[in-house]
Amino acid sequence: MALHPHLFVPQGPVPVRFTSPSSGRREPLNLPARSRAQHAQNLIGQLESLGETAQMRADEQKAFGLDEGTGIYLTFQSEPNFELKFESLDVSRSGIELCTLKTTPDNRTQATVFVPDGKLDIFLRKIVAYRDEMTKPRKQDGPSRPKNQDLVEGISGIQLAALEALWTETEIPFPGPDLPTTWEVWLRRSKGFDQLERMRAHAGAFELTVGTQSVSFVDRKIVLVRGTARNLSRSIDILGMIAELRLPKTTAAFFTDMAAIEQHEWVNNLAGRMTAPEANAPYVCLFDTGVDRGHPLLAQVADDNDMHTYKPAWGKADWKDHGTPMAALASFGDLTEVLASAGPVVMTHRIESVKIVHPTDHHEDELYGAVTQESAYRVEVNPDRRRVFCMAVTAPDGRERGKPSSWSAAIDSIAFGTTETDSRLIVLSGGNSDPAQRRNYPDSNITDAIHDPAQAWNALTVGGYTEKAQIDAVRYPGWEPLAASGDLAPASCTSMTWGKWPIKPDIVMEAGNMGRNPAFADPDYIDDALQLLSASKNFTAGRPLTSFGDTSGATALAARLAAMAWVKYPSLRPETVRALIVHSAQWTPPMIVRCTEADGSINLRTLVRCFGHGVPRLQRLLSSLDNSLTLIAESELYPFFKDEDDDQKRVKTREMRLHPLPWPTEELSALQNTEVTMRVTLSYFVEPSPGERGWTPRYGYQSHGLRFAVRHALESVQTFQQRINRFAREEDYEGASLSDPGWQFGYANRSLTSIGCLHSDVWKGSAADLASRGFIAVYPTMGWWNKRPQFEGWKKSARYSLVVTIATPDVETDIYTPVANQLGVEVINEV
């Protein structure tokens, strides 16, 4: 069976005007019953008393020398178990800004809002209008309501906010008032002046120390500040610049200490069989403990000029024997296989390194997001290189539970790029499970959540599985593998404890195994055969090889796959490389068994939150077959536009793209009822907007969303467009069924796959049905680009990558050649 290169669909197609078919109307709010006049009077009284405080605060601020950007923080609170229309508390055109949103133990919603000097009257007018005015009925003879009813009736009280109202850590108590603390301070971004510069200028007056680094997002700037809660509270009273407070990351635990294997002759033999990569080869850039490039296996792939360090005083050498094994795995894969081979070894890509971890300097006064960003910029002094960023440094506290942090958001920002820089491919470790809890495998893996920053949406997050399940029974009697072959690796974390956040990990790679013995309480790395084999930094001391594993090793293996894809297809976008890796993945039978319920159904949520989309397969990643054709389309669209003809100048959805794919219609039709498969993967990057303000579309993390839809069997192109696009419908359109049997996730399980910016699904059905399905639409969904028009995100375009594979079970069926002929591409048979 011949291997062939994947086929690329030409640029296009022409965009089509798009309107979402959903109404966009939210369900009515759950509001308490109110006595209209009495409730209004209570809130007016609270605001009037706060007005006196606001005036005193304004006088203090002016006496301090501040003439702009001044104001007070207020907390609006709901009744227990009732909702608060917090979006209406944000009045950006007047400078009123929603800073944080929290839920109290008695289930009240608390919204903390910054109100500029002189703007308190805006809320007063809203409440007076609620008391005295009625809305116009939407329909003739329809009911009218008090103005601002949803907002005002949801408010149970308004009070001056304390500093603690800005604290958004849910699992860490607020520090004591006089305890010196390093705070992760999220600053508001104001027009006309720089909040960070103001804080730096006045920090000394409040006995605060401001860090040198910062991380910037569209409406937030993050910096570390050292001081007590009491002094920081004084600063917000006067300076009024903080939007949110968190605790910074202070550690990054991810190392393994495993026995070395002394086999010098293997290393020398392999080094003699190596051929250096080509001059324009892609790079795997490691953010790690440094790399000792003098190792015989790395000398041809790692140049000294490509070894960097975050701080010059650290030096470039590997201090922990972690970065060097990572480099070898990213270059060769598991050395067990290549050392045992006999032929020439042609190296396909090179290694870069930035040492970002030091044994005694743990970045305690630095933002990890800023460290990561600066490290990326440092290697980009060589901007034309195709580069896979690879990082196995994580913070294991697990307190985010999928919520974006400053670190993960910084990584998403790096990956998304800017108008001046392209997007970037970043591969992250999902983090290692707690070794002390592995006696409870696999239950402990279920509760040990993916580590920060691996919740980053745009990154390829890697978990672990294992096929290493053989223990030397003679040397280790009574021991057996902890994990079965093909199952979850003992070190792998999952996202089972997360709420509605993206699927993580995205994929799993070999992460090694452990042994267990009934005579011992805890499992152990008893046999090196349960681990990957890699290069050691200790090669000069007689130990050139070391066992290595856990999710660090898995991450290096994934980065290697990404580099290999770029070697074969050098023009691919980072979004496409990520898509291809996920697209090539599949679940092993033991994974399916683990997630099968008693009634025989597969628990898809458990499956994807433990194993992501499965294990990538190298052949599927790099090649098509006669009977398995992969099509790649790279395109872009403008999700939104500002409707100047609309009375409110609202931002609306703008366009979609309808891809008429080259399709082996005749060959599929001839197979009639033969079961075939189609897999579709859509990959794109989002521009992040982090902050604890509720995760509604207006304050959502993602700039935009994209989705794909596939034409139904026997559905006309016009009917297909009308089903997904309200703009294409006639007045008498009666609707069409959303059901489309055969999809693994499909409409019924859309909640599992609708969050995030990587969507992949598999359809199974008859070849005759697949023959008429060769149209796929990509269309936009909501995000902050359209919900916060003041930042003009609606002007931006969104790149995406669409990968489609169709496969037949009969190896004699050739569906590749007919499509290649349609595209005018020569059929190449690969060796």
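Everything quoted here is computed from the prediction, not taken from an experiment. (Residues numbered from 1 in each chain as written. Predicted model: local features only at pLDDT ≥ 70, side-chain atom pairs only at ≥ 80, totals over all residues. Heavy atoms only, no water.)

A few words on the overall build of the chain. Broken down by element type, the chain carries 22 helices and 38 strands. For the chain, whose C-alpha radius of gyration is 29 Å, the value lies close to the compact-globule estimate of 28 Å for 831 residues. In terms of its C-alpha atoms, the chain occupies a principal-axis envelope of roughly 85 × 70 × 55 Å. Pairs at least 24 residues apart make up 81% of the contacts formed inside the chain by residues separated by at least 6 positions. Here the chain displays about 33,700 Å² of accessible surface, and carbon together with sulfur accounts for 49% of that area. With 87 positive and 103 negative side-chain charges, the chain shows a separation of 5 Å between the mean positions of the two kinds. (Helix = DSSP H or I, 4+ residues; strand = E, 2+ residues; numbered from the N terminus. Rg over C-alpha atoms; globule rule 2.2 N^0.38 Å. Contact = heavy atoms within 4.5 Å. Areas by Shrake-Rupley, 256 points an atom, 1.4 Å probe, with all protein chains shown as cover. Lys, Arg positive; Asp, Glu negative; His and termini not counted. Charge placed at Lys NZ, Arg CZ, Asp CG, Glu CD.)

It is worth spelling out the sheet that holds strand 6 (residues 109-116) at this point. With antiparallel pairing, four strands are arranged side by side in an open sheet as 5-6-4-7. The open sheet is flanked by strand 5 (97-103) and strand 7 (157-160), the only strands paired with a single partner. In this sheet, adjacent strand axes meet at a mean angle of 25° when their direction is disregarded. Here four bridges tie strand 4 (residues 71-77) to strand 7, and the two strands are oriented antiparallel to one another. By the bridge assignment, Phe-76 is partnered in strand 7 with Ile-158. Seen against the sheet, helix 1 (residues 36-63) touches strand 4 and strand 7 and runs at an angle of roughly 15° to strand 7. Across the face of the sheet, helix 2 (residues 120-132) comes into contact with strand 4, strand 6 and strand 7 while running at roughly 125° to strand 6. (Pairing = 2+ DSSP bridges. Axes fitted to C-alpha atoms, helices over the stretch in contact; angles between N-to-C directions.)

This part takes up the sheet that holds strand 37 (residues 775-781). Reading across from one edge, 3-33-37-35 is the order of the four strands in this open sheet, with antiparallel pairing throughout. Looking at which strands have only one partner, the edges of the open sheet turn out to be strand 3 (15-17) and strand 35 (705-710). Each neighbouring strand pair of the sheet contributes to a mean axis angle of 30°, computed without reference to strand direction. The pairing of strand 33 (residues 655-660) with strand 37 spans four bridges and is antiparallel. Along strand 37, the bridge assignment pairs Arg-657 with Val-778. Set on the sheet, helix 18 (residues 717-724) makes contact with strand 3, strand 33, strand 35 and strand 37; between it and strand 33 the angle comes to about 150°.

Here we come to the environment of Val-811. Positionally, Val-811 belongs in the loop between strand 38 (798-807) and helix 22 (816-823). Exposure remark for Val-811: the relative accessible area of 42% places this residue in the partly exposed category. Spatially, the C-alpha atoms of Val-811 and Asp-303 are 45 Å apart, while their sequence positions differ by 508 residues. (Buried < 20%, exposed > 50% of the residue type's maximum accessible area, 1.4 Å probe, protein only.)

With that out of the way, let us pick up empty space enclosed by the protein. This model, assessed by the stated rule, comprises seven cavities of 30 Å³ or more. In this structure, the largest cavity is lined by 14 residues; those nearest its centre are Pro-502, Ile-503, Asp-506, Ile-755 and Leu-758. Its residues placed into classes, the lining of the largest cavity shows eight nonpolar, three polar and three charged. (1 Å grid on protein atoms, 1.4 Å probe; cavity = no way out; pocket = protein on both sides within 12 Å on 5 of 7 lines; lining within 4 Å. Points joined across faces, edges and corners; volume = space filled by probe spheres on them. Nonpolar A, V, L, I, M, F, W, Y, C, P; charged D, E, K, R; others polar.)

On to helix 4 (residues 195-202). Buried within helix 4 we find Gln-195, Leu-196, Arg-198 and Met-199. End-on, the buried residues of helix 4 take up no more than an arc of 160°, which puts them together on one face. Where helix 4 is buried, its residues meet strand 8 (181-188), strand 9 (209-216), strand 10 (220-227), helix 5 (229-239) and strand 11 (242-246). The N-capping residue of helix 4, defined by a side-chain oxygen 2.8 Å from the backbone nitrogen of Leu-196, is Asp-194. (Arc of directions from axis to C-beta. Polar contact = N/O pair within 3.5 Å; in protein donor to acceptor, adjacent residues only side chain to side chain.)

Take the pattern of salt bridges next. Going through the model one piece at a time under the given rule, you end up with 37 salt bridges. Here Lys-147 and Glu-133 are joined by a salt bridge, their closest N and O atoms 3.0 Å apart. Separated by 14 residues along the polypeptide, Lys-147 in the loop between helix 2 and helix 3 (149-153) and Glu-133 in the loop between helix 2 and helix 3 bring together distant segments of the chain. Judged by its relative accessible area of 32%, Lys-147 falls in the partly exposed class. Looking at Glu-133, the relative accessible area reads 36%, which means it is partly exposed. Of the charged contacts in the structure, one is a salt bridge between Glu-830 and Lys-568, with a shortest N-O distance of 2.4 Å. (Salt bridge = Lys/Arg side-chain N within 4 Å of Asp/Glu carboxyl O.)

Right, let's talk about helix 10 (residues 406-416) for a bit. Burial of helix 10 is extensive: nine of the eleven residues sit out of reach of the surface. Among the residues making up helix 10, those that are buried are Ser-406, Trp-407, Ser-408, Ala-409, Ala-410, Ile-411, Asp-412, Ile-414 and Ala-415. Positioned one or two residues after helix 10, Gly-417 has a phi angle of 80°, which is positive.

One broad trend across soluble globular proteins is that nonpolar side chains are buried collectively. Grouped together as the largest cluster of nonpolar side chains are 62 residues, with contacts concentrated most on Leu-270, Val-284, Leu-335, Val-388 and Ile-507. No other element matches the ten residues that helix 12 (residues 550-568) contributes to this core. Beyond its immediate sequence surroundings of up to four residues, Leu-270 is in contact with Leu-297, Phe-332, Leu-335, Val-338, Leu-339 and Val-345. Counting residues in each nonpolar core, the second largest holds 52 residues, with Phe-217, Leu-629, Val-686 and Val-819 among its members. (Core = buried A, V, L, I, M, F, W, Y, C linked by side-chain atoms within 4.5 Å.)

Let us look at unusual backbone geometry. When glycine is set aside, most residues are seen to have a negative phi, and most peptide bonds are trans. Cis peptide bonds are those with omega within 30 degrees of zero, and the linkage from Tyr-441 to Pro-442 qualifies with 0°. In this structure, the amide linkage connecting Asp-452 to the following residue, Pro-453, adopts the cis form with an omega of 10°. Tracing the sequence through the fold places Pro-453 in the loop between helix 11 (443-447) and strand 20 (460-466). For Asn-107, which is not glycine, the phi torsion reads 65° and is therefore positive. With respect to the helices and strands, Asn-107 occurs in the loop between strand 5 and strand 6.

Attention now goes to the packing of aromatic side chains. All told, the structure shown has 16 aromatic pairs when counted by the stated rule. Consider the rings of Phe-64 and Phe-206, whose centres lie 5.5 Å apart with planes at 35°: the pair is tilted. Residue Phe-64 is found in the loop between helix 1 and strand 4, and its partner Phe-206 is found in the loop between helix 4 and strand 9; the two are separated by 142 residues along the sequence. Classification of Phe-206 by relative accessible area gives buried; the value is 3%. (Phe/Tyr/Trp six-rings, centres within 6.5 Å; stacked < 30°, edge-to-face > 60°.)

What is shown is where atoms sit, not what they do.
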